[in-house]
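Fold and geometry: a report
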Amino acid sequence: MSYFDAASAAPLHPVARQALTAALDEGWADPARLYREGRRARLLLDAAREAAAEAVGCRPDELVFTASGTRAVHSGIAGALAGRRRTGRHLIVSAVEHSSVLHAADAHEADGGTVTQVAVDRAGAVSARAYAEALRPDTALACLQSANHEVGTVQPVAEVAEVCRAAGVPLLVDAAQSLGWGPVDGDWSLLAASAHKWGGPSGVGLLVVRKGVRFAPQGPRDERESGRAAGFENLPAIVAAAASLRAVRAEAAEEDVRLRELTERIRARVPRLVPDVEVVGDPQRRLPGIVTFSCLYVDGETLLHELDRADFSVSSGSSCTSSTLTPSHVLKAMGVLSEGNVRLSLPPGTREEDVERFLAVLPEVVAGVREKLGAPVRAGDAPLPDEQEALVVDALGRRCPIPVIELAKVFGQVPVGGTVRVLSDDEAARLDIPAWCEMRGQEYVGEEPAERGTAYLVRRVS
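Quantities reported herein were computed from a predicted structural model and do not represent experimental measurements. (Residues numbered from 1 in each chain as written. Predicted model: local features only at pLDDT ≥ 70, side-chain atom pairs only at ≥ 80, totals over all residues. Heavy atoms only, no water.)

The next thing to look at is the sheet that holds strand S10 (residues 290-295). Pairing between sheet strands relies on hydrogen bonds along the backbone, with the strands arranged either parallel or antiparallel. One open sheet holds the three strands; their spatial order is S9-S10-S12, and the pairing between them is antiparallel. The sheet is open, and its two edges are formed by strand S9 (277-280) and strand S12 (341-345), each paired on a single side. Averaged over all neighbouring strand pairs, the angle between strand axes comes to 20 degrees, with direction disregarded. (Pairing = 2+ DSSP bridges. Helix = DSSP H or I, 4+ residues; strand = E, 2+ residues; numbered from the N terminus. Axes fitted to C-alpha atoms, helices over the stretch in contact; angles between N-to-C directions.)

Here it is in structure tokens:
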């Protein structure tokens, strides 16, 4: 089985396993106690904090361990907003943040705060100028991920941090995806990360609050972790997390080169091997190991199941893999195709032969899924007479990717200048039909209300 979903959870690093086993024997006591076993546990906790702080690039007393990366994000946002409540209650986030950030923003808005979402370009990147324009006199906090978890695009954190610092606004960075590859550049104020993203055990997060940042921890407090993370520390997991972070950093330079070559190979060859595919994310400013592409006329959930049957573990941001049948918020914000989305995130140590086997298997798997869905194999048949310049495709009640498949089936019958009117009540069609037009060089005219659902208008220009 080839595991290609390290962006969700990286396999446990051998060093983490060794450190976890050793710490279970040596670090079981309460590090707050003064007897021998407690002192031994405290030494382990202090050493782990120093190692993690060195990797982050902060002071040990600025870093606390939390129960997860999500908890670090939620505590960081809540504490920073509370600490700057006199300034105002305005929060800035990017439109492609991890759901933990967006959920915290939703909670803040429900509590009476205001939130601005900064848009991204088609590669998934924000601009420092957009953050500068979003800043207001009542802005209490800005948030920005260091790199995107779905498409791998690296964000301009240093530039955004400079803009925020000039305005006196702290910037919280979600560094979950990137911290294993190196420290986050820039004059940021708060940082959150999660150990299971770099090969540490799950259930350990990091929260860094720089000295001088106004911060008021929320919820019940105790004496542990500077009052910022209540409860008994999971010391064995913390020790393993710090040890594995140090280990992956030592290997990062070599693995960076190797994984970038493999992902570039995938990015270049998938569009040649499989027709009607869009590779998404920034082609240069990106993390090593992550490559994401979307296939027209493919049900993402079915595609993932078929790849699993072929012994490949991959993930998807496709709308069809969600119980809510809503498109990935990242792909939606980017304005790219959301159907048939596949994310490969290669863990360190991925073998070249496994990537080659994936490239050999993928075309047949995609073709099989398309055949089951009745997708067009080639451009349409005979054109309609010139006087018939419009077609109506009724895809009401049908979910992704059927509306786009039905559009593609009839499009070859429409003369140049003719229009197809696609009726759909699936939210994904609002993204996928314009994305299809972009990929095929056709004109997306827009949408208009219909008796049921929405009518999406597409004009044939070539």
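Below, the discussion takes up the domain arrangement of the protein. Considered domain by domain, the protein is made up of domain 1 (7-248), domain 2 (252-373) and domain 3 (391-460). On a C-alpha basis, the centroid separation for the pair domain 1 and domain 3 is 43 Å. (Domains from an automatic or database assignment.)

In this section: the packing of helix H11 (residues 402-411) against helix H12 (residues 429-440). How two helices sit against one another is set out by the angle between their axes and by the gap between those axes. Packing of H11 against H12 leaves a shortest axis separation of 10 Å and a crossing angle of 35 degrees. The handedness of the crossing between H11 and H12 comes out as right-handed. Seen from H11, the contacting residues are Val404, Leu407, Ala408 and Phe411; seen from H12, they are Asp432, Ile433 and Trp436. Along the lines of polarity and charge, the residues of the contact of H11 with H12 split into six nonpolar, no polar and one charged. (Left-handed = near helix turned anticlockwise from the far one by under 90°. Contact = heavy atoms within 4.5 Å. Nonpolar A, V, L, I, M, F, W, Y, C, P; charged D, E, K, R; others polar.)

Let's shift gears to the sheet that holds strand S7 (residues 190-194). Taken together, seven strands build an open sheet; the order of strands is S2-S8-S7-S6-S5-S3-S4 and the sheet is mixed. At either margin of the open sheet sits one strand with a lone partner, and together these are strand S2 (63-66) and strand S4 (114-118). Looking at each pair of strands side by side, their axes are set apart by 20 degrees on average, direction ignored.

Applying the stated criterion to the full structure yields 34 salt bridges. Arg165 serves as the salt-bridge partner of Asp187, at 3.1 Å between the closest nitrogen and oxygen. Of this pair, Asp187 sits in the loop between strand S6 (171-174) and S7 while Arg165 sits in helix H6 (residues 157-166), and the two are 22 residues apart along the sequence. On the accessibility criterion, Asp187 (43% relative accessible area) is partly exposed. A relative accessible area of 41% means that Arg165 is categorised as partly exposed. Arg265 is paired through a salt bridge with Glu261; the nearest N and O atoms lie 2.8 Å apart. In this pair, Arg265 and Glu261 are both assigned in helix H7 (residues 235-273), four residues apart and thus about one turn of the helix distant. Among the residues examined, Arg265 registers a relative accessible area of 14% and is labelled buried. Note on Glu261: relative accessible area 39%, which makes it partly exposed. A single network of salt bridges, built from pairs that share partners, joins Glu261, Arg265, Arg269, Glu352 and Glu356. (Salt bridge = Lys/Arg side-chain N within 4 Å of Asp/Glu carboxyl O. Buried < 20%, exposed > 50% of the residue type's maximum accessible area, 1.4 Å probe, protein only.)

Next up on the list: the packing of aromatic side chains. In this description, a pair of aromatic rings is defined by centroid distance and the angle of the planes. In this structure the tally under the stated criterion is four aromatic pairs. Consider the rings of Phe4 and Phe312, whose centres lie 5.8 Å apart with planes at 35 degrees: the pair is tilted. Highlighted residues: Phe4 in the loop between strand S1 (2-3) and helix H1 (14-26) and Phe312 in strand S11 (residues 312-313), separated in sequence by 308 residues. Judged by centre distance (6.2 Å) and plane angle (70 degrees), the rings of Phe4 and Phe358 are edge-to-face. Here Phe4 is found in the loop between S1 and H1, whereas its partner Phe358 is found in helix H10 (residues 352-373), with 354 residues between them in sequence. Each member of the pair, Phe4 together with Phe358, is buried. Ring pairing ties together the aromatic residues Phe4, Phe312 and Phe358, which thus form one cluster. One cation-aromatic arrangement involves Arg210 over Trp188; the distance from NZ or CZ to the ring centre is 3.9 Å. (Phe/Tyr/Trp six-rings, centres within 6.5 Å; stacked < 30°, edge-to-face > 60°. Lys NZ or Arg CZ within 6 Å of the ring centre and 35° of its normal.)

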